[in-house]
Amino acid sequence: ALTGLPPTPAEADDFRQSAIRNPNSALESAVDRLLRSPHFGERMALDWLDASRYADTNGYYNDSERQAWPWRDWVISAFNANLPFDRFIIEQLAGDLLPGATAEQRIATGFNRNHMVSNETGIIDEEYRLGYVADRVDTTTTVWMGLTMGCARCHDHKFDPITQRDYYRLFAAFNSIEEKGLIKDVAPLSPAPAIMLPTADQEKQLAKIGAERKQAEAQLRKFKPALEKVMTAWENSALTALPLAPEKGALVHFDFDRDATDHGPRPVEASTTGTLTYTPGVKGKAAAFDATQYIEFAEPQPLEHDRPFTLSVWIMPGSAPQGCVASKQDSDAQARGFEILWYKSQPRVNLAHRYGSDGIEVVAQQKFSGRQWRHLAITYDGSSKAAGLKVYVDGALNPVVVRRDNLTGSVASREPWRIAWKGTGIGFEGGVDEFRLYDRALAAEEVTALHWREFLEGALALPAKERTRAQTDKLESYYIAHHGAKEVRRLSERVAALRADEDAARRDILSVSVMQEMEKPRPTHILVRGQYDQPGDAVEFGVPASLNPLPPDAPRNRLGFAQWLVAKENPLTARVAVNRLWQQSFGEGLVRTLNDFGRQGEAPSHPELLDWLAVRFRDGDGEAKPWDVHALLKLIVTSATFRQSSNFTPELLARDPENRLLARGPRFRLPAEFIRDQALAIAGLLVEKIGGPSVKPYQPPGLWEAVSYNGDATYEADQGESLYRRGLYTYWKRQSPPPGTLTFDGPTREVCSVRRPRTNTPLQALVLLNDVTYVEAARGLATRMMSDGGRNSESRVRRGFRLATGRAPQSAEADNLENYFAEQLADFRRRPESAKALLKSGASPVDSALDPCQLAAWTMTAAVLLNLDEVITQH
């Protein structure tokens, strides 16, 4: 109940011997030892991760990674330290608002940043942002108050005395966070607002690089006056040293200076969907797209797998994480043709005969910041090989990751060329300028010259005062690189390198999402029928009118709300907390509907007991401090009620099948994570390391690909000790949660969940018998049985049984297991190759000193032990 694992045989023997002398003292001593165990916090944290909808990814759309595990470590540490529960509440809801808030207190507020967020192009920012706020309200009131308050988002609650005005008054407490509905995908960094958590070494590294950069910049500034003078003279003749834009093979040129038509050598017919606007571009004007407008033009020559071509274009990506820069691609499932996407700050190019299975797909290795002009050039040599498809960014060849290289057929598409759109509905948000097509693959030096030619023509055409900072800096960099004095060139390269090092060092620093108030709070309105775009009356922060009032001197913000929650006058918080701890121990709460203490919830089975425990928990007594979680759990698990046998008679089962009268001890199947942890512990494989980043144990192949955009997410299991960490630390991808956990009724953690259902399905048995984790655990247990269980089958069976169940087997149990082992051994002796195949399961080493057939037979016997009902059940 307290650690999620059974006692070892040695611990059980020690307890039995102590209990003979003084049963009560032995029990209290054992409980105190377990409460002091660093693994106690891990046991407590598991339920809390469900309630807080913790995950390692953002959930929506491409479900990109975030760094949330420091908050999980905070929860484990808080339970281990027995942080008073009122402080546990206040720091998670409003730790950032406490005077002199520490980094740990700010991390604690990640509780209300664990919700899903989206970076999908085309979503309505305010609609999603308000959805995040509503999620916080719903989660907070469910977890701390046991109320279904989300029912009042659209109308007054149908059953409980909560009005829509009450809902939005509480909504106001969570509505002034500095966040957006459409997040910027900076995976694996966490969505803003977030705090950086550098290690001591990282801080030293950043300080060192920063000091060196400032020194180099100061030295470079000494040359600025002279540099400006010589650059002014150089500008008049700068373009004469550069070749003109390549004309050989030119097919199409949209310059967007006057309109959205082709101004190439043989203009093709073009049409525009939507109304374009024009803004300053890299050279003259540029077209501005909002992901709904696009340009179509006729094919100037056939696009084919054996024909070379070059596409050159300048883009200024907006806030959207992805968009189609250009395409000539069929809109059906095969998606034959060509596309270039700007995807998560990287160019991604597809040339496909059949999209996803027959084609070339490459992704630039480097990520580029958006909201500035970037020159992209894609050259293809007609070889049908990924090596013949090159990606240039700002005139430089960019290394690529080849995701597919098996183009075998035609890429001819029935669709026209499109700028800023693909037929499946993905548009580009941002600026587009100087779009060109060629019927040949430009050489690297031609791409570089084209990039600088177009940039310099645009920048030098502007008076110096009208140039942007980016244009001025790029002009200076170009002059220094091509015409600057040796010392100036050396310093400029040094500054650029140090800036890149500084950016790279910052990207390596851990970040975690936190709550952070805006300087000026947002106004909050009642939303008519809950619609984001239908604001009604303005409201200010407040608590439900049917409950105890907010004290006059309480802060009118999240801190005031958190203090109100733990006030002595609040009738709900202590009851809800006690009920959850009771469920953790007994499998069901005194109120079975943990999320609903309202009129539609189930009445408490023992109301006086619930009240007495809640008051004792809130106020403390001679033996316990107020809000003492350890003391409350000790009281529960040392009670005569908890210590009862879980056995029952037919009469008792008929009268009370669900044990609501508490006439017997608790008996329920362990949570998914504990079943796995226990198997690893029994096998001697469990790694006891506490805290840190999430890990990736074994998982069936193909699951991530099935739910990812373009199938580009691949699950790669870790190696070494990470395979054997507790299930609490398993990497949690919301769109594809750990399959073993889902099989045993784990939630997806898309929303708050305070109670896992318990089902009994054949698939669960198949997992325990066949999943590589449990087969490997069975082999580990078999190794222990053979290594330290004696030399005969009887003693080995007894050893394995004790390790798995904590007791000695009865004669019939031992006989059955010995007979089963003999049958398996005979079978493996006949088929030794099947024994070797079985022993290959898992990454842990096989003891070469053990006979393979015997080890395989004992592995099958150990699997029976790990599947016993009493092994996977708390009883």
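Above this note sits the structure.
1. Brief notes about the sheet that holds strand β16 (residues 417–419)
Line of reasoning, step 1. The antiparallel open sheet is built from eight strands, whose spatial order is β3-β6-β16-β8-β9-β10-β11-β15. The open sheet is flanked by β3 (270–273) and β15 (400–405), the only strands paired with a single partner. On average, each strand axis in the sheet is tilted by 15° relative to the strand beside it, whichever way the strands run.
Line of reasoning, step 2. The pairing of strand β8 (residues 322–329) with β16 spans two bridges and is antiparallel. Its bridge partner lying in β16, Ala326 is registered against Ile419.

2. Some details on the pairing of strand β5 (residues 285–290)
Line of reasoning, step 1. Here strand β4 (residues 277–280) pairs with β5 via four bridges, running antiparallel. Within β5, the position partnered with Pro280 by the bridge is Lys285.
Line of reasoning, step 2. Taking the residues between adjacent antiparallel strands as the criterion, β4 and β5 are bridged by four residues, where Gly284 takes a positive phi near 70°.

3. Remarks on the side chain of Arg136
Line of reasoning, step 1. In this structure, Arg136 sits in helix α7 (residues 125–145).
Line of reasoning, step 2. Of the residues examined, Arg136 reaches a relative accessible area of 0% and is grouped as buried.
Line of reasoning, step 3. From its side chain, Arg136 meets the backbone oxygen of Asn112 in a polar contact 3.0 Å long.
Line of reasoning, step 4. Beyond its immediate sequence surroundings of up to four residues, Arg136 is in contact with Arg53, Asn112, Arg113, His115, Phe174, Ile177, Glu179 and Met515.

4. Some points on the pairing of β8
Line of reasoning, step 1. Counting buried positions over the eight residues of β8 gives eight, a clear majority of the element.
Line of reasoning, step 2. The pairing of β8 with strand β9 (residues 337–343) spans seven bridges and is antiparallel. Across the sheet, the residue bridging to Ser327 is Glu339, located in β9.

5. Looking at the environment of Thr859
Line of reasoning, step 1. Mapping Thr859 onto the fold places it in helix α27 (residues 852–866).
Line of reasoning, step 2. Once the C-alpha coordinates of Thr859 and Arg779 are considered, the two residues, 80 residues apart in sequence, prove to be 4.7 Å apart.
Line of reasoning, step 3. Those residues in contact with Thr859, other than ones at most four positions away along the chain, are Val775, Ala778, Arg779, Ala782, Leu838 and Leu839.

6. Some remarks on the packing of helix α1 (residues 9–21) against helix α2 (residues 23–36)
Line of reasoning, step 1. The contact between α1 and α2 brings their axes to 6 Å, and the two run at 145°. Side by side, α1 and α2 meet where Phe15, Ser18, Ala19 and Arg21 of the first sit next to Pro23, Ala26, Leu27 and Ala30 of the second.
Line of reasoning, step 2. Taken together, the residues of the contact of α1 with α2 sort by class into six nonpolar, one polar and one charged.

7. Some thoughts on the nonpolar core
Line of reasoning, step 1. Grouped together as the largest cluster of nonpolar side chains are 145 residues, with contacts concentrated most on Trp48, Phe85, Phe88, Trp144, Met145 and Phe561.
Line of reasoning, step 2. No other element matches the nine residues that α27 contributes to this core.
Line of reasoning, step 3. Leave out the neighbours within four places in its chain, and Trp48 touches Trp71, Val75, Phe85, Phe88, Gln92, Phe111, Val143, Trp144 and Arg580.
Line of reasoning, step 4. Counting 42 residues, the second-largest nonpolar core is a separate cluster that includes Val268, Ala287, Tyr380 and Ile419.

8. Observations regarding the side chain of Glu304
Line of reasoning, step 1. In this fold, Glu304 is placed in the loop between β6 (294–297) and β7 (309–317).
Line of reasoning, step 2. One buried charge, Glu304, has no salt-bridge partner; the nearest side chain with opposite charge is Arg307, at 7.2 Å.
Line of reasoning, step 3. Ignoring any residue separated from it by four or fewer positions in sequence, one finds Glu304 in contact with Tyr380, Ser410, Val411 and Ala412.

9. Some thoughts on unusual backbone geometry
Line of reasoning, step 1. A cis geometry characterises the amide bond from Ala192 onward to Pro193, with omega recorded as 0°.
Line of reasoning, step 2. Along the chain, the position of Pro193 falls in the loop between α8 (164–171) and β1 (194–197).
Line of reasoning, step 3. Within the chain, Tyr61 stands out as a residue other than glycine whose phi angle is a positive 55°.
Line of reasoning, step 4. Relative to the helices and strands, Tyr61 is located in the loop between α3 (40–51) and α4 (69–80).
Line of reasoning, step 5. Phi at Trp627 is positive, roughly 60°, even though this residue is not glycine.
Line of reasoning, step 6. The class for Trp627 is buried, based on a relative accessible area of 6%.

10. What about the pattern of salt bridges?
Opposite charge on two side chains makes pairing possible when the charged atoms of those side chains draw close.
Line of reasoning, step 1. In total, this model carries 57 salt bridges according to the counting rule given.
Line of reasoning, step 2. In this structure, the salt-bridge partner of Glu476 is Lys224, at a minimum N-O distance of 2.4 Å. Here Glu476, found in helix α12 (residues 469–483), pairs with Lys224, found in helix α10 (residues 224–235); they are 252 residues apart in sequence, far enough to count as distant.
Line of reasoning, step 3. Residues Glu457 and Lys283 are paired through a salt bridge, measuring 2.5 Å at the closest nitrogen-oxygen approach.

11. Brief notes about the environment of Pro555
Line of reasoning, step 1. Position of Pro555 among the secondary structure elements: in the loop between β20 (535–539) and α14 (558–565).
Line of reasoning, step 2. Each C-alpha atom, one on Pro555 and one on Thr292, is 45 Å from the other, the two residues being 263 residues apart in sequence.
Line of reasoning, step 3. Non-local contacts of Pro555, meaning those with residues more than four positions away in its chain, are made with Phe541, Leu550, Gly560 and Gln563.

12. Things to note about helix α17 (residues 629–637)
In an α-helix, one turn spans 3.6 residues; hence positions three or four apart end up facing the same way.
Line of reasoning, step 1. Most of α17 is tucked away, with eight of its nine residues classed as buried.
Line of reasoning, step 2. Next to the buried residues of α17 lie α2, α3, α4, α5 (85–94), α15 (573–586) and α16 (607–619).

13. A short note on the packing of aromatic side chains
Line of reasoning, step 1. With the rule as written, the count across this model stands at 39 aromatic pairs.
Line of reasoning, step 2. The interplanar angle of 55° and the centroid separation of 5.8 Å between the aromatic rings of Phe338 and Trp417 together place this pair among those described as tilted. With Phe338 in strand β9 and Trp417 in strand β16, the pair connects residues that are 79 residues apart, well separated along the chain. Here the two residues Phe338 and Trp417 agree in accessibility, since each one is buried.
Line of reasoning, step 3. On the basis of an interplanar angle of 80° and a centroid distance of 5.1 Å, the ring pair of Trp704 and Tyr715 is categorised as edge-to-face. Of this pair, Trp704 sits in helix α20 (residues 703–707) while Tyr715 sits in the loop between α20 and α21 (739–743); the two residues are eleven residues apart in sequence, bridging distant segments of the chain. Across the pair, exposure class does not vary: Trp704 and Tyr715 are buried alike.
Line of reasoning, step 4. Members of the aromatic cluster, each reached through a chain of ring pairs, are Trp48, Trp74, Phe79, Phe85, Phe88, Phe111, Trp144, Phe617 and Trp627.

14. As for helix α26 (residues 832–839)
Line of reasoning, step 1. Restricting attention to buried positions, one finds in α26 the residues Ser834, Ala835, Leu838 and Leu839. All buried residues of α26 lie within an arc of 135° about the axis, which places them on one face of the element. Exposed residues pointing more than 90 degrees away from the buried face of α26 are listed as Glu833 and Lys836.
Line of reasoning, step 2. On its buried side, α26 packs onto α23 (772–788), α25 (811–830) and α27.

15. Concerning the packing of helix α19 (residues 672–683) against α23
Line of reasoning, step 1. It is the contact of α19 with α23, at a shortest axis distance of 7 Å, that shows an interaxial angle of 30°. Our classification of the angle between α19 and α23 gives roughly parallel. Viewed along their axes, α19 and α23 form a crossing whose handedness is left-handed. From α19, Ala672, Ile675, Arg676, Ala679, Leu680, Ala681, Ile682 and Ala683 reach across to α23, where they touch Thr773, Tyr774, Ala777, Gly780, Leu781 and Arg784.
Line of reasoning, step 2. Looking at the contact of α19 with α23, its residues break down into ten nonpolar, two polar and two charged.

16. Looking at the state of the cysteines
Line of reasoning, step 1. One pass over the structure, following the stated rule, counts zero disulfides.
Line of reasoning, step 2. Free of any disulfide, Cys151 has its nearest cysteine sulfur in Cys154, 9.5 Å distant.
Line of reasoning, step 3. By relative accessible area, which is 37% here, Cys151 ends up partly exposed.

Cut-off values and rules
Residues numbered from 1 in each chain as written. Predicted model: local features only at pLDDT ≥ 70, side-chain atom pairs only at ≥ 80, totals over all residues. Heavy atoms only, no water. Pairing = 2+ DSSP bridges. Helix = DSSP H or I, 4+ residues; strand = E, 2+ residues; numbered from the N terminus. Axes fitted to C-alpha atoms, helices over the stretch in contact; angles between N-to-C directions. Buried < 20%, exposed > 50% of the residue type's maximum accessible area, 1.4 Å probe, protein only. Polar contact = N/O pair within 3.5 Å; in protein donor to acceptor, adjacent residues only side chain to side chain. Contact = heavy atoms within 4.5 Å. Nonpolar A, V, L, I, M, F, W, Y, C, P; charged D, E, K, R; others polar. Core = buried A, V, L, I, M, F, W, Y, C linked by side-chain atoms within 4.5 Å. Lys, Arg positive; Asp, Glu negative; His and termini not counted. Salt bridge = Lys/Arg side-chain N within 4 Å of Asp/Glu carboxyl O. Phe/Tyr/Trp six-rings, centres within 6.5 Å; stacked < 30°, edge-to-face > 60°. Arc of directions from axis to C-beta. Parallel < 35°, antiparallel > 145°, perpendicular 65-115°, else oblique. Left-handed = near helix turned anticlockwise from the far one by under 90°. Disulfide = S-S within 2.5 Å.

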